[in-house]
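Okay, here's what each chain looks like letter by letter:
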Amino acid sequence: MPDTALMDASTLAELTELRRDLHAHPELGFEEHRTAGIVAERLRAAGLEVETGIGGTGVVGTLRKGSGNRAIALRADMDALAMPEETGLPYASKVAGKMHACGHDGHTTMLLGAAEAMVDRDFSGTVHFVFQPAEEGRGGGKAMMEDGFLDRFPVDAAYGLHNMPGLDLGVVAAVEGPQLASSDSWKIDFRGIGSHGAKPHQGRDAVTAAGVFLSQLHSIVAREVDPLEPAVVSACALEAGDFAALNVIPDVVRIGGTARAYSAEVRDQLDEAIGRHAKGVAAGFGIEADYTFIRRIPPVVNAPAPTAIAQQAAVAALGAERMRTQFPPSTAGDDFAEFGTRIPGAYVWLGMGETRENGQHHNTNYDFNDACIPHGVAYWCAVIAEELK
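As a starting point, this report considers the structure included with it.

**Let's talk about the overall build of the protein**
Counting its secondary structure elements, the protein contains 11 helices and 16 strands. Relative to the globule expectation of 21 Å for 389 residues, the C-alpha radius of gyration of the protein, 24 Å, shows essentially globular dimensions. Once the C-alpha set of the protein is aligned to its principal axes, its extents read approximately 80 × 45 × 40 Å. Of all 389 residues assigned to the protein, the portion counted as buried reaches 55%.

Below, the structure written as structure tokens:
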């Protein structure tokens with residue numbers, strides 16, 4: 001379906017200008033003051049009820065119509081990433097070391113476009129347009145919940161959307177079940193007794209213990225987790241010793257990493273297994289292991305009822321040829337999970353089509369494809385129409 005069938009050229013040009021302005025002025029999590037200000041100003045100008053400062057810099061615009069008592073939340077994220085941009089585009093980041101490398105500028109623009117479009121359309125119920133801060137690992141979804149989001153904006157279902165490079169332009173993949181993994185961190189301090197490198201018998205070697213632990217770590221997924229249950233455990237950081245003192249065996253070796261799972265049960269299993277292996281190895285070497293598992297983001301799991309609504313909306317707005325009910329889940333995380341673990345939710349992927357070379361998420365050459373804007377706006381409007389008939 002051509003873009004002109006979804007949105008007139010002047011509206012697309014105006015939203016494209018907005019998206020590129022947001023791209024040029026990226027802000028990190030809980031620092032989205034400019035972005036939140038633009039969002040709030042446009043929502044107020046369109047006639048929505050607006051509340052700001054939710055969970056820090058979050059914004060919620062509310063639109064009520066008809067006599068329906070059902071309420072839904074549509075969520076977009078606003079934050080950028082702490083990384084340089086190398087696209088060379090005219091609207092590239094003007095802020096050194098910050099970049100919209102995941103398309104949150106596009107997500108914000110599409111949800112704003114939908115809010116403005118729905119002002120003049122009929123439905124019966126309440127829509128909360130949620131502009132969330134700090135999705136990129138800083139806990140914005142959790143902050144909104146802790147700020148009383150569900151008490152202030154009670155909803156029956158929540159919907160999220162994320163762009164997907166490589167998926168055909170304008171295609172919506174709405175799949176029931178796991179979509180994104182939990183994203184947790186773990187840290188271990190192996191505490192031995194330091195010694196001269198030539199006299200290891202006079203100490204307790206934490207370095208060798210850490211090496212044995214690392215060799216066992218990946219056996220957790222390979223030999224303990226059900227092979228039909230996807231999981232990832234990776235060691236990503238190691239600190240020990242000093243290259244200026246290569247004859248000293250250090251007292252402490254610190255290792256840290258990430259753990260990913262699609263279910264609460266496997267998430268718990270990874271937590272237990274990493275700690276068990278660490279303490280078991282430490283005991284074998286006669287040293288101590290201090291273990292910490294930091295639960296950051298739950299998995300995103302699409303519930304049946306809102307997923308069915310999302311599928312119906314995609315077909316209604318974009319046509320059956322742009323609807324996918326099968327698409328592989330991602331081992332990345334998204335704190336839309338903070339909504340979806342509390343209320344029924346559906347998180348869909350919106351195809352961006354061909355991308356710039358190496359222009360995948362979190363890459364310095366990434367740029368959101370503005371041709372997606374009409375498709376995203378049409379999808380959001382259709383979700384409201386399907387939910388609040």
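Once the structure has been displayed, the description carries forward.
**Examining unusual backbone geometry**
Look at Phe30: it is not a glycine, yet its phi comes out positive at around 70°. Relative to the helices and strands, Phe30 resides in the loop between helix 1 (9-24) and helix 2 (33-46). Here the phi dihedral of Ala134 falls at roughly 55°; this positive angle occurs in a residue that is not glycine. Inspection of the secondary structure assignment puts Ala134 in the loop between strand 4 (125-132) and helix 4 (140-146). Residue classification places Ala134 among the buried positions, given a relative accessible area of 0%.

**Points about the environment of Ala9**
In this structure, Ala9 sits in helix 1. Taking the C-alpha atoms as reference points, Ala9 and Pro374, separated by 365 residues in sequence, lie 9.9 Å from one another.

**What about the packing of helix 3 (residues 104-118) against helix 11 (residues 373-387)?**
The axes of two packed helices give the description: the angle between them and the distance between them. As a packed pair, helix 3 and helix 11 sit with axes 8 Å apart at the nearest point and diverge in direction by 50°. As the angle between them shows, helix 3 and helix 11 are arranged oblique. As for the relative orientation of helix 3 and helix 11, their crossing is right-handed in sense. When helix 3 is examined against helix 11, the residues Thr109, Met110, Leu111, Gly113, Ala114, Ala117 and Met118 are found in contact with a partner set consisting of Ile373, Gly376, Val377, Trp380, Cys381 and Ile384. Tallied by class, the residues present in the contact of helix 3 with helix 11 amount to 10 nonpolar, 3 polar and no charged.

**Thoughts on the sheet that holds strand 12 (residues 252-261)**
Sheet architecture is open: 4 strands sit in the order 10-12-8-13, paired in antiparallel fashion. Looking at the sheet topology across the chains shown, the edges are occupied by strand 10 (231-240) and strand 13 (288-297). Between one strand axis and the next, the sheet turns through 15° on average, direction left out of account. Where strand 8 (residues 183-191) meets strand 13, 9 bridges bridge the pair, whose relative direction is antiparallel. When the sheet's bridge partners are listed, Asp184 is paired in strand 13 with Arg295.

**Examining the side chain of Glu338**
As for its position among the elements, Glu338 is in helix 10 (residues 337-340). With residues up to four places along the chain from it excluded, the contact list for Glu338 reads Gly141, Lys142, Met145, Arg296 and Pro298.

**Some thoughts on the layout of surface pockets**
The space that makes up the largest pocket amounts to roughly 340 Å³. Around the largest pocket, the lining comprises 19 residues; the ones closest to its centre are Cys102, Leu180, Ala332, Gly333 and His362. Going through the elements one at a time, strand 5 (157-164), strand 13 and strand 16 (345-351) are the ones with two or more residues in the lining of the largest pocket. Looking at the lining of the largest pocket residue by residue, the classes come out as 7 nonpolar, 7 polar and 5 charged. Taken as a whole, the second largest pocket holds about 250 Å³ of empty space. Every residue lining the second largest pocket is counted, 16 residues in all, and those nearest its centre are Met7, Thr11, Ala117, Arg121 and Val377. Of all the secondary-structure elements, those providing two or more residues to the lining of the second largest pocket are helix 1, helix 3 and helix 11. The greatest single-element share of the lining of the second largest pocket, amounting to 4 residues, is contributed by helix 11. Looking at the lining of the second largest pocket residue by residue, the classes come out as 9 nonpolar, 2 polar and 5 charged.

**Notes on the packing of aromatic side chains**
With the rule as written, the count across this model stands at 9 aromatic pairs. Ring centres 5.4 Å apart and planes at 80° place the aromatic pair Phe149 and Phe339 in the edge-to-face group. One end of the pair, Phe149, is in helix 5 (residues 149-152); the other, Phe339, is in helix 10, with 190 residues separating them in the sequence. An identical accessibility class is assigned to Phe149 and Phe339; each is buried. With a centroid separation of 5.3 Å and 80° between ring planes, the pair formed by Tyr347 and Trp349 is classed as edge-to-face. The exposure classification of Tyr347 matches that of Trp349, with both residues buried. Ring pairing ties together the aromatic residues Phe149, Phe153, Phe327, Phe336, Phe339, Tyr347 and Trp349, which thus form one cluster.

What counts and how
The numbering scheme is per chain: residues are counted from 1 as the chain's sequence reads. For a predicted model such as this one, the threshold for reporting local features is a pLDDT of at least 70, and the threshold for listing and counting side-chain atom pairs is 80 or more; totals across whole chains, interfaces and linings nevertheless cover every residue. Only hydrogens and water are set aside when side-chain values are computed; all heavy atoms of the structure are taken into account. Starting at the N terminus, helices and strands are each numbered in turn, a helix being any DSSP run of H or I of at least four residues and a strand any DSSP run of E of at least two. Just to be clear, the radius of gyration here is over C-alpha atoms, and the globule rule we use is 2.2 Å times residues to the power 0.38. Using a 1.4 Å probe on the protein chains alone, a residue whose accessible area is under 20% of its type maximum counts as buried, one over 50% counts as exposed, and one in between counts as partly exposed. Angles run from 0 to 180 degrees between N-to-C directions of axes, and those axes are lines fitted to C-alpha atoms, restricted for helices to the stretch in contact. When describing relative orientation, an angle under 35 degrees is termed roughly parallel and one over 145 degrees roughly antiparallel, while 65 to 115 degrees is termed roughly perpendicular and anything else oblique. Two helices that cross are described as forming a left-handed crossing if the nearer one is turned anticlockwise from the farther one by less than a right angle, and a right-handed crossing if clockwise. Whether two residues are in contact is decided by their heavy atoms, any of which lying within 4.5 Å being enough. For this classification, the nonpolar set comprises Ala, Val, Leu, Ile, Met, Phe, Trp, Tyr, Cys and Pro, the charged set comprises Asp, Glu, Lys and Arg, and every other residue, Gly included, is treated as polar. For two strands to be treated as a pair, DSSP must find at least two bridges joining them. Grid points spaced at 1 Å over the protein atoms alone were grouped into cavities, where a 1.4 Å probe fits but cannot get out, and pockets, open sets with protein on both sides within 12 Å along at least five of seven lines, with lining residues defined by an atom within 4 Å of a point. Grid points are joined across faces, edges and corners, and a volume is the space filled by probe spheres set on the points. Classification of ring pairs rests on two measures: the distance between centres of Phe, Tyr or Trp rings, Trp counted by its six-membered ring, which must be within 6.5 Å, and the angle between planes, read as stacked under 30 degrees, edge-to-face over 60 and tilted in between.

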